[in-house]
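Summary of the model geometry
Residues per chain are reported as follows:
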Amino acid sequence: MSADPFDDADERLDAREIDGEPFGDIMAALDGLDEGESLCLVNSFEPVPLYDVLAERGYAHETANPAADEWYVEITPT
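Now for a quick tour of the structure. (Residues numbered from 1 in each chain as written. Predicted model: local features only at pLDDT ≥ 70, side-chain atom pairs only at ≥ 80, totals over all residues. Heavy atoms only, no water.)

1. Structural notes on the overall build of the protein chain
Using the following cut-off: In DSSP terms, a helix is any run of H or I states spanning at least four residues, a strand is any run of E spanning at least two, and both are numbered starting from the N terminus. Both definitions apply: the radius of gyration is a C-alpha atom measure, and the globule rule equals 2.2 Å times residues to the power 0.38. Any two residues whose heavy atoms approach within 4.5 Å at even a single point are treated as in contact. Per-residue and other accessible areas follow the Shrake-Rupley method at a 1.4 Å probe size, with only the shown protein chains counted as cover for residues.
Tallying secondary structure elements over the protein chain gives two helices and four strands in all. Counting from the amino terminus, helix and strand elements in the protein chain follow one another as β-α-β-α-β-β. The C-alpha atoms of the protein chain give a radius of gyration of 12 Å, which matches the 12 Å a tight globule of 78 residues would have. Viewed in the frame of its principal axes, the protein chain has a C-alpha envelope of about 30 × 25 × 20 Å. The contacts in the protein chain between residues at least 6 apart in sequence include a share of 63% that link residues at least 24 apart. Accessible surface, the protein chain as shown: approximately 4600 Å² in total, 45% of it carbon and sulfur.

2. Some thoughts on the layout of surface pockets
Any space left empty among the atoms is revealed by the rolling of a water-sized probe across them. We count it as follows: Residues are said to line a cavity or pocket when one of their atoms sits within 4 Å of a point; the points come from a 1 Å grid over protein atoms alone, cavities being sets where a 1.4 Å probe fits but cannot get out and pockets being open sets with protein on both sides within 12 Å along at least five of seven lines. Grid points are joined across faces, edges and corners, and a volume is the space filled by probe spheres set on the points. Gly falls in the polar group here, along with every residue not listed as nonpolar (Ala, Val, Leu, Ile, Met, Phe, Trp, Tyr, Cys, Pro) or charged (Asp, Glu, Lys, Arg).
Its boundaries defined by the atoms lining it, the largest pocket holds a volume of some 210 Å³. Together, Glu21, Pro22, Phe23, Ile26, Asn43, Phe45, Pro47, Pro49, Leu50 and Val53 line the largest pocket. Of all the secondary-structure elements, those providing two or more residues to the lining of the largest pocket are helix H1 (23–31) and helix H2 (48–56). Looking at which element gives the most residues to the lining of the largest pocket, the answer is H2, with three residues. Across the lining of the largest pocket, the residue classes tally to eight nonpolar, one polar and one charged.

3. Details of the pairing of strand S2 (residues 39–43)
Formally: Relative accessibility thresholds used throughout: buried, under 20% of the residue-type maximum; exposed, over 50%; partly exposed, between the two (1.4 Å probe, protein chains only). Pairing between two strands is assigned when DSSP locates at least 2 bridges connecting them. Throughout, right-handed denotes a crossover for which the path from the first strand over the helix to the second runs clockwise when the strands point away from the viewer.
Most of S2 sits inside the fold, with five of its five residues counted as buried. Burial along S2 is two-sided: the face carrying Leu39, Leu41 and Asn43 and the face carrying Cys40 and Val42 are both buried. Strand direction decides the pairing type here: strand S1 (residues 11–14) and S2, joined by four bridges, are parallel. For Asp14, the partnering residue across the bridge sits in S2 and is Val42. Note on the crossover from S1 through H1 to S2: the handedness is right-handed.

Given below as structure tokens:
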């Protein structure tokens with residue numbers, strides 16, 4: 001595992017450890033954030049379909065890909 005480029009995020013969710021569809025877990029983690037906090041989502045692929053959902057729900061994201069099978073997405077409320 002590479003160094004976490006968003007290690008300053010307040011919460012972290014590794015979707016690779018979730019059995020099945022992670023969407024519900026991701027939304028629950030975002031709902032659990034306090035004002036001004038951010039979530040670092042770790043995945044084995046770039047979660048492109050998630051980006052539109054995040055924008056529609058008022059979140060911004062920044063993505064890093066430090067290794068071929070490792071994607072980090074920092075999600076923050078806008």
